[in-house]
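Each chain, letter by letter, is given below.
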Amino acid sequence: MLHQGHLKELLSDQGRVNFARGREQHQSPPKPPFLTRTIQMIIRGGDDASINRVKFNTTHKLKRSITHEWYDELEESIIFDKSDTHSLVFPHYDALVITLRILDTDVRCIMVDNGISACIIYPRVLEQMKLEDKIVPHYITLTDFNNAVERTSREITLPILADGVSLETIFHIMDQDTAYDAIIGQPRIHSMKAISSSLYQVINFPTPWGVFSIRGEQCTSQECYRIAQDYTYTQQMKGKAKKA
């Protein structure tokens, strides 16, 4: 009844302050931690480097609605429609690339991939974040969609903050160069109960304050793809030159 405006006259002065503070905390997400740095796209060259082959998925449904019950009081639907196409260039086959606050750092060039069963981060990013001492040994084997096998031997647990929702995320460390700084896979997407669309370049997820969205960066996604293509072409030309 207090939330409906009744019985407030029965509260003490301190009670009114606490009640108002509780309403403010419920109606808006907490402030993010202080931003220390922003990591842009980092590409390391060299003949021994390699670029991961990444599949690009496109969602063809015009509208998809899923109701979540993650939070007791949330009964909103997650919907993609034409309003999400603002500022996008069509037709496109771009991967969904976003920026996320990882610990105290805004990390750009993060690809969202529903098809991978792990979250991946690369050593160069952790070097920039000065977190090498937080890495622990852990061996896993990842199988790509073309049955290629990749092995990782290290991992790190880091908090990801998205619109007030913070979740501890295990990142497996892959010692390869790629056009991306990290890849967010099923563990993080499912723990957020998020729904992503590469077609609409957005990932939507429920929070205690309603359904929030993280917009993709289409231009960044296209630049990542061009860099990967150019690198692959350069390596192929070097290989042909050696054979000649």
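Keep in mind it's a predicted model, so treat the numbers as computed, not measured.

### What to know about the pattern of salt bridges
In step 1: The tally for this structure, following the rule as stated, stands at 6 salt bridges.
In step 2: Between Asp-84 and Arg-215 there is a salt bridge, with the nearest N and O atoms lying 2.9 Å from each other. One end of the pair, Asp-84, is in the loop between strand S3 (77-79) and strand S4 (96-102); the other, Arg-215, is in strand S13 (residues 210-215), and 131 residues separate them in sequence.
In step 3: Overall, the relative accessible area of 9% leaves Asp-84 in the buried class.
In step 4: Since its relative accessible area comes to 42%, Arg-215 is described here as partly exposed.
In step 5: Here Asp-106 and Arg-101 are joined by a salt bridge, their closest N and O atoms 2.5 Å apart. Here Asp-106 and Arg-101 have matching classes, each one buried.

### What to know about the packing of aromatic side chains
In step 1: Evaluation of the coordinates by the stated rule reveals 1 aromatic pair.
In step 2: Aromatic pair Phe-80 and Tyr-200: ring centres 6.0 Å apart, planes at 15 degrees, arrangement stacked. Of the two residues, Phe-80 sits in the loop between S3 and S4 while Tyr-200 sits in the loop between strand S11 (195-197) and strand S12 (202-207), which places them 120 residues apart along the sequence. Both residues of the pair, Phe-80 and Tyr-200, count as buried.

### Quick word on the nonpolar core
In step 1: Membership of the largest hydrophobic core comes to 29 residues, with the highest contact counts inside it found for Leu-100, Ile-102, Ile-110, Ile-121, Ile-156, Phe-171 and Ile-184.
In step 2: Apart from the residues within four sequence positions on either side, Phe-171 is in contact with Ile-102, Cys-119, Ile-120, Ile-121, Arg-154, Glu-155, Ile-156, Leu-158, Ile-160 and Ile-184.
In step 3: Listed in part, the 16 residues of the second largest apolar core include Ala-118, Leu-142, Met-174 and Cys-224.

### Notes on the pairing of S12
Look at any regular strand and the pattern is simple: side chains alternate between the two faces of the sheet.
In step 1: Counting buried positions over the 6 residues of S12 gives 6, a clear majority of the element.
In step 2: Residues of S12 alternate between two faces, with Val-202, Asn-204 and Pro-206 on one and Ile-203, Phe-205 and Thr-207 on the opposite face, all of them buried.
In step 3: Pairing analysis gives 3 bridges linking S11 to S12, with the strands arranged antiparallel. Residue pairing in the sheet places Ser-197 in a bridge with Val-202 of S12.
In step 4: If you look at the hairpin formed by S11 and S12, you'll find 4 residues sitting between the two strands, and Gln-201 has a positive phi there, around 55 degrees.
In step 5: Both S12 and S13 contribute to a ladder of 6 bridges, which runs antiparallel. Residue pairing across strands places Phe-205 opposite Phe-212, the latter belonging to S13.
In step 6: Hairpin geometry of S12 and S13 is characterised by an intervening segment of 2 residues between the two adjacent antiparallel strands.

### So, the side chain of Asp-94
In step 1: With respect to the helices, strands and loops of the structure, Asp-94 is situated in the loop between S3 and S4.
In step 2: A distance of 3.0 Å separates a polar atom in the side chain of Asp-94 from a polar atom in the side chain of Gln-222.

### Some words on the pairing of strand S5 (residues 105-112)
In step 1: The element S5 is largely enclosed, with a buried count of 7 among its 8 residues.
In step 2: Sheet analysis places S4 next to S5, joined by 6 bridges and oriented antiparallel. For Ile-98, the partnering residue across the bridge sits in S5 and is Ile-110.
In step 3: In textbook terms, the turn of a hairpin is the stretch between consecutive antiparallel strands, and for S4 and S5 this stretch comprises 2 residues, one of which, Leu-103, has a positive phi near 60 degrees.
In step 4: Sheet topology places S5 next to strand S10 (residues 182-184); 3 bridges connect them, and they run parallel. Directly across from Val-112, in S10, lies its bridge partner Ile-184.

Cut-offs applied
- The numbering scheme is per chain: residues are counted from 1 as the chain's sequence reads.
- With pLDDT at 70 or above as the cut-off, local features in this predicted model cover only qualifying residues; side-chain atom pairs require 80 or more to be listed or tallied, and sums for whole chains, interfaces and linings still use all residues.
- Based on all heavy atoms of the structure, the side-chain values leave hydrogens and waters out of the count.
- Salt bridge, as used here, is a side-chain nitrogen of Lys or Arg placed within 4 Å of a carboxyl oxygen of Asp or Glu.
- Counting from the N terminus, the helices are the DSSP runs of H or I reaching at least four residues and the strands are the DSSP runs of E reaching at least two.
- When a residue's accessible area, from a 1.4 Å probe over protein chains only, is under 20% of the maximum for its type it is buried; when over 50% it is exposed; and in between it is partly exposed.
- Note on ring pairs: Phe, Tyr and Trp rings are taken, using the six-membered ring of Trp, and paired if centres are within 6.5 Å. Classes follow the plane angle, with under 30 degrees stacked, over 60 edge-to-face and the rest tilted.
- By nonpolar core is meant a set of buried Ala, Val, Leu, Ile, Met, Phe, Trp, Tyr and Cys residues that side-chain atoms within 4.5 Å join together.
- What makes two residues a contact is simply this: any of their non-hydrogen atoms within 4.5 Å.
- Any two strands between which DSSP finds at least two bridges are classified as paired.
- Here a polar contact means two N or O atoms within 3.5 Å. Within protein one must be a hydrogen donor candidate and the other an acceptor candidate, and residues neighboring in sequence count only if both atoms are side-chain atoms.

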